[in-house]
Amino acid sequence: EDVLALFEQMDGDGSGKIEAEDMRLALQQRVGVTLSPEETSRIMSRIDLNGDGIIDYEEFQQAWSFMTGATRVELKQLETLPLGMYCEYISRE
């Protein structure tokens, strides 16, 4: 699953959860995007559906589908979207 692979890339410590620092480092190291703490927090809050401050795989998957407006079939087709394109998409206002 490419969405799972994307999640695992962003989960820097392998905890099964993406924390703000994981998000910030993944974007900086893999995409070359440097975010302020406020920008990182804004992205996190859009994905963190239960408000616990971390993103689990289910939230990541749901957010991916919601933010792309994708049906299940479309989502399957979008799973190969590169990390940089995905991150640019979710950081838009």
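Going by the structure above, here's the rest.
> So what's going on with the overall build of the protein chain? Residues and values would help.
The number of helices and strands found in the protein chain is 6 helices and 2 strands. Reading the protein chain from its N terminus to its C terminus gives the helix and strand order α-β-α-α-β-α-α-α. Across the 93 residues of the protein chain, 33% fall into the buried class. A fraction of 50% describes how many contacts in the protein chain between residues 6 or more apart in sequence connect residues 24 or more apart. Here the protein chain displays about 5,500 Å² of accessible surface, and carbon together with sulfur accounts for 50% of that area.

> Now, about helix H3 (residues 37–47): what can you tell me, with residues and values included?
Buried residues of H3: Thr40, Ile43, Met44 and Ile47, and no others. Along the axis of H3, the buried positions cluster into a sector of 100 degrees, meaning they face one direction only. Opposite the buried face of H3, at more than 90 degrees from it, the exposed residues are Glu38 and Ser45.

> Describe in detail the packing of helix H2 (residues 20–31) against H3, supporting the description with residues and values.
Contact geometry for H2 and H3: axes closest at 10 Å, N-to-C directions at 115 degrees. The way H2 lies across H3 gives a crossing that is right-handed. Touching Ala20, Met23, Arg24 and Leu27 of H2 are Thr40, Ile43, Met44 and Ile47, all from H3. Residues that form the contact of H2 with H3 fall into these classes: 6 nonpolar, 1 polar and 1 charged.

> Any details on the side chain of Asp11? Residues and values, ideally.
Relative to the assigned elements, Asp11 resides in the loop between helix H1 (2–10) and strand S1 (17–18). Despite its burial, Asp11 pairs with no opposite charge; the closest candidate is Lys17, at 9.4 Å N-O. Those residues in contact with Asp11 that lie beyond four places of it in its chain are Gly16, Lys17, Ile18 and Asp22.

> Let's hear about the packing of aromatic side chains: which residues, and what values?
Following the criterion strictly, the structure yields 2 aromatic pairs and no others. When the ring of Phe7 is compared with that of Tyr57, the centres are 5.4 Å apart and the planes differ by 75 degrees; the resulting orientation is edge-to-face. Here Phe7 is found in helix H1, whereas its partner Tyr57 is found in helix H4 (residues 57–68), with 50 residues between them in sequence. Under the relative-accessibility criterion, Phe7 is labelled buried at 3%.

> Give a detailed account of the nonpolar core, specifying residues and quantitative values.
Counting residues in each nonpolar core, the largest one holds 16 residues, and the members touching the most others are Met10, Ile18, Met23, Ile43, Ile47, Ile55 and Phe60. Ranked by the residues each element gives to this core, the list is headed by H1, at 4 residues. In contact with Ile18, other than residues within four places in its own chain, are Phe7, Met10, Asp11, Met23, Met44, Ile54, Ile55 and Phe60.

Cut-off values and rules
- Residues numbered from 1 in each chain as written.
- Predicted model: local features only at pLDDT ≥ 70, side-chain atom pairs only at ≥ 80, totals over all residues.
- Heavy atoms only, no water.
- Helix = DSSP H or I, 4+ residues; strand = E, 2+ residues; numbered from the N terminus.
- Buried < 20%, exposed > 50% of the residue type's maximum accessible area, 1.4 Å probe, protein only.
- Contact = heavy atoms within 4.5 Å.
- Areas by Shrake-Rupley, 256 points an atom, 1.4 Å probe, with all protein chains shown as cover.
- Arc of directions from axis to C-beta.
- Axes fitted to C-alpha atoms, helices over the stretch in contact; angles between N-to-C directions.
- Left-handed = near helix turned anticlockwise from the far one by under 90°.
- Nonpolar A, V, L, I, M, F, W, Y, C, P; charged D, E, K, R; others polar.
- Lys, Arg positive; Asp, Glu negative; His and termini not counted.
- Salt bridge = Lys/Arg side-chain N within 4 Å of Asp/Glu carboxyl O.
- Phe/Tyr/Trp six-rings, centres within 6.5 Å; stacked < 30°, edge-to-face > 60°.
- Core = buried A, V, L, I, M, F, W, Y, C linked by side-chain atoms within 4.5 Å.

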